[in-house]
Structures are given as C-alpha cells and as structure tokens.
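Residue-level structural notes
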Amino acid sequence: MSTVDLAKDLKIFAYKDYKAYLQAALPRAGTERGLRARLAKKLACQPAYISQVLNGHGNFSMEHAYSICDFLRLDSTETRYFLLLVQLERAGSETYQRHLRSELTAILNARETIKERIKVPQALNDEARATYYSNWTFAAVHIMCSVPELQTPEAIAARLRLPFNTVRSCLDFLISTGLIVLNRGCYQISSRRIHLGADSPLLAKHHSNWRLRAMQALEGQGESILHYSSVISLAEKDVSAIKDILLRALELQEAVLEASKEEAAYCLSLDFFRIDFAPNF
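Notes on the structure in this doc start here. Only a predicted model underlies this, so the values are computations on that prediction, with no experimental measurement involved.

Rules and cut-offs
Residues numbered from 1 in each chain as written. Predicted model: local features only at pLDDT ≥ 70, side-chain atom pairs only at ≥ 80, totals over all residues. Heavy atoms only, no water. Pairing = 2+ DSSP bridges. Helix = DSSP H or I, 4+ residues; strand = E, 2+ residues; numbered from the N terminus. Axes fitted to C-alpha atoms, helices over the stretch in contact; angles between N-to-C directions. Parallel < 35°, antiparallel > 145°, perpendicular 65-115°, else oblique. Left-handed = near helix turned anticlockwise from the far one by under 90°. Contact = heavy atoms within 4.5 Å. Phe/Tyr/Trp six-rings, centres within 6.5 Å; stacked < 30°, edge-to-face > 60°. Buried < 20%, exposed > 50% of the residue type's maximum accessible area, 1.4 Å probe, protein only. Core = buried A, V, L, I, M, F, W, Y, C linked by side-chain atoms within 4.5 Å.

1. Points about the pairing of strand S2 (residues 186-189)
Sheet topology note: the strand S1 (residues 180-183)/S2 ladder contains four bridges and is antiparallel. From the neighbouring strand, Asn183 faces S2, where its bridge partner is Cys186. Linking S1 back to S2 in an antiparallel pair, the connection comprises two residues, with Arg184 at a positive phi of about 55°.

2. So, the environment of Ile189
Counting through the fold element by element, Ile189 comes out in strand S2. As a C-alpha pair, Ile189 and Val147 span 42 residues in sequence and 8.8 Å in three-dimensional space.

3. Description of the packing of helix H9 (residues 136-144) against helix H10 (residues 153-160)
Across the interface, H9 lies against H10 with an axial gap of 11 Å and an inter-helix angle of 125°. In this view, H9 runs oblique relative to H10, as classed from their interaxial angle. The handedness of the crossing between H9 and H10 comes out as right-handed. Here Trp136, Ala140, Val141 and Met144 of H9 lie close against H10, whose contacting residues are Ile156, Arg159 and Leu160.

4. With respect to the packing of aromatic side chains
Counted according to the given criterion, the structure contains nine aromatic pairs. Each ring, one from Tyr18 and one from Phe60, has its centre 6.3 Å from the other, and the planes form 55°; the classification is tilted. Of this pair, Tyr18 sits in helix H2 (residues 18-25) while Phe60 sits in the loop between helix H4 (47-54) and helix H5 (62-71); the two residues are 42 residues apart in sequence, bridging distant segments of the chain. Of the residues examined, Tyr18 reaches a relative accessible area of 0% and is grouped as buried. On the accessibility criterion, Phe60 (1% relative accessible area) is buried.

5. Quick notes on the nonpolar core
Leu22, Phe60 and Phe82 are the most contacted members of the largest nonpolar core, which totals 34 residues. Of all the secondary structure elements, the ones that give two or more residues to this core are H2, helix H3 (35-43), H4, H5, helix H6 (76-90) and helix H7 (94-117). Look past the residues within four positions of Phe60 in its chain and what remains in contact with it is Tyr18, Leu22, Leu43, Tyr49, Ile50, Val53, Leu54, Ala65, Ile68, Val86 and Arg90. Judged by nonpolar contacts, the second largest core, of 29 residues, contains Tyr132, Val141, Ile156 and Cys170.

In structure tokens form, the structure reads like this:
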C-alpha cells in the first residue's frame, strides 16, 4: 500500500486531532514502519523529533505541516483541513480557536453536500454538468491541467489572469467530479471526459460562454490568434458542400491533436448558419 493509499483509507475528515491522524498514517510497525524516517528526511529533521511531537510535546510548524500534506499526497481540501487542525492545536486564543473550529465544520458540511449532490459516476450527473458549463472558467482550468507547466493553481491563475481563489474553487470542483486528479502536488487531467450532445439544453450556454470569451480575446491580438467573420450569400445547393469542407477540416484537426504535445490551451469556435434563421429546405 502506498502512502497516498494509506492516507485516503484513513479518511482524514474523521479526525479532530492531527496528531491522532498522523499516528495512524505513520505507524511504527508493519509494512509502513519506514514512513517516519522518510518524512524526517523530507522535513530535514531527526525521526525522534517527529515522535516527540506526535507523543504530545509541542507542535509542527506550519511549514512542516504543509510539507507533511505533500508527503501524504493530500488533495487541496484535505490539506486545508489538516492545516486547520494544526493551527487549532497551536492557537492560544479561545476566540481564534472558535474561528478555526467553525472553518473545520464548514469544510465537513461542504464535503457532505458535495458527496450528496455531486456523485462521481461514469458520466457526470446533471447538476455537475450544469456547473461545469455555467462559466468558461471550469473548462479553461480543466484543459490547463493537461499542460505540464500549468498544473498548479498559481500557474493557472497567472496564465488565465483569474483570481487565485476562483482557480482553487474550479480545481476543487473538478477533483470532486473526477475530471482531474492531484498527483504529487500537480493537478492533472484524468481519463474521464465530458461531452454535450446536440440535444443538450446546456449546449447554447456552452457556445455563448466561448463566443463571449472570443470577443474578449479580440483585445489581445497576436500572431497565434485567428479571428474570421464573414457574411456571405450562396446557392442553397452549395450549403452542404461548405459544411462538408468544414467538417473535413475538423477531422484533419483531430489527427494533428492526437500527435500534438500539450503545451498551450486554445479555443476553437466554428459557426456556419443561416442568418435569417429560416427552416432548412
């Protein structure tokens, strides 16, 4: 069993004391008995220091606490919960302790809400899909996680010019739906995919999100940017020929994408429609 598997099996949210959690996550016997020595190496301290803290003598610093979360490969919500537990043990003010306990309770309540409302089946449920397509940021953050250089909240926030908290919220949602995974501190895209059928009521919202984003992109033109709009007239018999050309272009694009290394995220929007919205013949 790996460190990450052990940590997940322990269900950190069942603990109210971070030392009790670590006592279970870092056993002194059994197949995982070497974990304390490995953690001590990561923290640049002696194994005896870890035992002293876990036996009730003092507390870890917040820097050490964060490194422990990384060592145990906790996700963002688990990390926040663990750090709050450490802060609670270190807090000297009753007022501050009450604040920290309310933060811990909020995490537990939110986790129960997500558990009940957003399952992680093979296909996303309707509510999760509605959230994903409610704003362009979810899809943008999702695809950024496929680029190795952009797999941290800081990198994504800087590249998309979004508030850090917005990106963290998107990442937490994507984790909860199984669309991304947290691996050694990096948010990576998973094998799960999300797709809207042509009959989906969310399709119009999805298209409008990215058309609005395209309008914003007009302000930052560069050599890698392409925008094309044209109003044309043509014979009805040639409409199908134009559609065929565009569809073949999309097929060619898929062949290029399959062999392409993930380095940057782009949006492709394609529109070809009758402007008077007359019914098809």
